[in-house]
Amino acid sequence: MSSAVSTRTPTGVLELAVEQVLASVRPAALGDPVVGARRAEESLRDALRDAGPVEDNLALQHALACAEAACEHLKYCEIQEARTLLMAARGQLVLAHEGV
């Protein structure tokens, strides 16, 4: 991820968290899948709280919804499902930067 991304905006906060969680739940990065999923869930939930409410950017709203759903899957150690949703969130974040 580019260091030029500002983490002060809701988009930046979520984008950083999504990239970090995606990296942390790679099969090669997971020593203990249960512990890894719990840590990833906590990290993502913290970022969702920090991102705050978003009303004017539909793509960012979709990214937040995908990240929230990913948290639910991480809660039950459903890593592949969470990764799929995080990839969808990443795509929505690209659109959010464009103001879609």
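In what follows, the structure referred to is the one given above.
Computed from a predicted structure; not experimentally measured.

Following the criterion strictly, the structure yields 4 salt bridges and no others. Across the pair Glu41 and Arg45 runs a salt bridge whose closest N-O atoms are separated by 3.0 Å. Within this pair, Glu41 and its partner Arg45 are both found in helix H2 (residues 33–51), separated by 4 residues, close to a single helical turn. The class of Glu41 is buried, set by a relative accessible area of 11%. A salt bridge links Glu72 to Arg45, with the shortest nitrogen-to-oxygen separation between them at 2.9 Å. Placement of the pair is Glu72 in helix H3 (residues 58–75) and Arg45 in helix H2, with a sequence separation of 27 residues.

Reading guide: rules and limits
- Residues numbered from 1 in each chain as written.
- Predicted model: local features only at pLDDT ≥ 70, side-chain atom pairs only at ≥ 80, totals over all residues.
- Heavy atoms only, no water.
- Salt bridge = Lys/Arg side-chain N within 4 Å of Asp/Glu carboxyl O.
- Helix = DSSP H or I, 4+ residues; strand = E, 2+ residues; numbered from the N terminus.
- Buried < 20%, exposed > 50% of the residue type's maximum accessible area, 1.4 Å probe, protein only.

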